[in-house]
Amino acid sequence: MTDAAVEISGVKRNDRFTRGNRLVDVLSKAGLAFAILAVMLYGSFVSPAFFTSGNLLNVLTSMSIVGIVVVGMTFVLVAGGLADLSVPATIACGAILSLGLQPMIGPLPAFVLAVGLAGLIGLLNGVLVGYVGINPIIATLGIGTIGLGIVQAAVGGVIVYGSNPASAEFAKGRLFGIPVVVLIFLVIALLGHFVLSRSFWGRWTLATGGNYSAAEASAVPVQAVKAGAFVITALASGISGGLLGLTLQSARPLIGAGYEFSAITAVVVGGVSIIGGFGSVPRAIAGLVFVQLLTNVMVLDGVRTPIQGFVLGILIVGAVGMDAALRKRGVA
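Residues numbered from 1 in each chain as written. Predicted model: local features only at pLDDT ≥ 70, side-chain atom pairs only at ≥ 80, totals over all residues. Heavy atoms only, no water.

- By the naming in an unreviewed UniProt entry, the protein chain goes by ABC transporter permease and is assigned to Mesorhizobium cantuariense.
- Of the protein chain, the UniProt comment under Subcellular location (unreviewed entry) reads exactly: "Cell membrane". (UniProt positions renumbered as here; feature names shortened; annotations may be inferred.)

### Comments concerning a nonpolar patch on the surface
Moving on, step 1. A surface patch of nonpolar side chains, about 980 Å² in accessible area, is lined by Met 104, Ile 105, Leu 113, Leu 117, Leu 120, Leu 123, Val 127, Tyr 131, Val 132, Ile 134 and Ile 138.
Moving on, step 2. Counting residues per element, the nonpolar patch draws most heavily on helix H5 (residues 107–132), at seven residues.
Moving on, step 3. With respect to the secondary-structure elements, Tyr 131 resides in helix H5. (Patch = residues over 30% accessible without salt bridge, like charges linked within 9 Å, V, L, I, M, F, W, Y side chains within 5 Å. Areas by Shrake-Rupley, 256 points an atom, 1.4 Å probe, with all protein chains shown as cover. Salt bridge = Lys/Arg side-chain N within 4 Å of Asp/Glu carboxyl O. Helix = DSSP H or I, 4+ residues; strand = E, 2+ residues; numbered from the N terminus.)

### Some points on the packing of aromatic side chains
Moving on, step 1. Using the criterion set out here, one finds three aromatic pairs in the structure.
Moving on, step 2. Ring plane angle 80° and centroid distance 4.9 Å describe the contact between Phe 50 and Phe 51, whose orientation is recorded as edge-to-face.
Moving on, step 3. Judged by its relative accessible area of 1%, Phe 50 is buried.
Moving on, step 4. Between Phe 200 and Trp 204, the ring centres sit 4.8 Å apart and the planes meet at 75°, which makes this aromatic pair edge-to-face. Of this pair, Phe 200 and Trp 204 both sit in helix H9 (residues 200–210), separated by four residues, roughly a single helical turn.
Moving on, step 5. Chaining the aromatic ring pairs together yields one cluster made of Phe 200, Trp 201 and Trp 204. (Phe/Tyr/Trp six-rings, centres within 6.5 Å; stacked < 30°, edge-to-face > 60°. Buried < 20%, exposed > 50% of the residue type's maximum accessible area, 1.4 Å probe, protein only.)

### Here's the deal with the environment of Ser 237
Moving on, step 1. Following the sequence through the fold, Ser 237 ends up in helix H11 (residues 222–248).
Moving on, step 2. Since its relative accessible area comes to 0%, Ser 237 is described here as buried.
Moving on, step 3. The sequence separation of Ser 237 and Cys 93 amounts to 144 residues, and the corresponding C-alpha distance is 9.0 Å.
Moving on, step 4. Sequence-distant contacts of Ser 237, that is, excluding residues within four places in its chain, are made with Val 69, Val 87, Thr 90 and Ile 91. (Contact = heavy atoms within 4.5 Å.)

### Describing helix H6 (residues 136–155)
For an α-helix, the turn length of 3.6 residues means that residues three or four places apart are oriented alike.
Moving on, step 1. Its 20 residues place the ends of H6 28 Å apart at the C-alpha level, agreeing with the 28 Å of an ideal helix rising 1.5 Å per residue.
Moving on, step 2. Among all positions in H6, only Pro 136, Ala 139, Thr 140, Ile 143, Gly 144, Gly 147, Leu 148, Val 151 and Val 155 are buried. Projection of H6 onto a plane perpendicular to its axis shows the buried side chains occupying an angular sector of 150°, all on one side. Facing away from the buried surface of H6 by more than 90 degrees, the exposed residues are Ile 138, Thr 145, Ile 146 and Ala 153.
Moving on, step 3. If you follow the buried residues of H6, they end up packed against helix H3 (87–100), H5, strand E1 (160–161) and H11. (Expected span 1.5 Å × (residues − 1). Arc of directions from axis to C-beta.)

### Structural notes on the side chain of Thr 233
Moving on, step 1. If you trace the backbone, Thr 233 turns up in helix H11.
Moving on, step 2. Exposure remark for Thr 233: the relative accessible area of 0% places this residue in the buried category.
Moving on, step 3. For Thr 233, the residues in contact, after removing those within four places along its chain, are Gly 72, Met 73, Val 76, Asp 84 and Val 87.

Shown next as structure tokens:
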């Protein structure tokens, strides 16, 4: 095949891929907006407490802790990294160390060091996935298990308590009437959105997830980009864990259990492609809003925990199936 033919073929494939992306984008945005409105309407009928300021504030605060992880997980999925299952370990690392190191070095240095050490978990994941080529699920599950084991051994499996009341007041405080945790989440979300949509690193991330071989041939540092996505997720998880520990003023090794599932659910429901190459931070956050509101409504309605998990599982399967079907139709 001649170079011209390859170029033309590449253009046609890119055009089809773009049409598929646009179709997914329009349908998922409209569907998410409708779903969020429907959940809010249903919530108003289910319980008079749904639209109270206390309930909505609780939802917003809880959403912010998970949302920080969601920002990082978006990079992993867009880069074609499937998922990061070491999130519980990095959250536990951030929470336990941010509290446990307070008496020795103070609250702020403890928080920074905790996030940095959590980032090391992401660095190990990144090296194994990006450079060694190990399957992301296997690599992150293994590193997460090892990391969690180290954290458990370090504290003897017991609960660690905070020793600095000022740090708790800061984490639970408000600025201009908005909880500090929410403001931190908004800053991280805006930063993540800027990096993914407006920077060369974001373009590289999309290219790596969209077509790894083509990106590599175009001199994109695909190994570093894929590794970097896991480092970003680990740092985000460390921050989330640190804030969670400061808010609760206690932390245990299993404090991060389930956060990886919540983050993956939000990102996938938000329309970020599980196969990589397509997605954005705002889309992932929209998925998070829907999932958090739906979970809150189910709790207010008295739905049992196993049923809640069943519903969220259906959402993941449906979102992934819709993504695959729409892409196949748009690209074929």
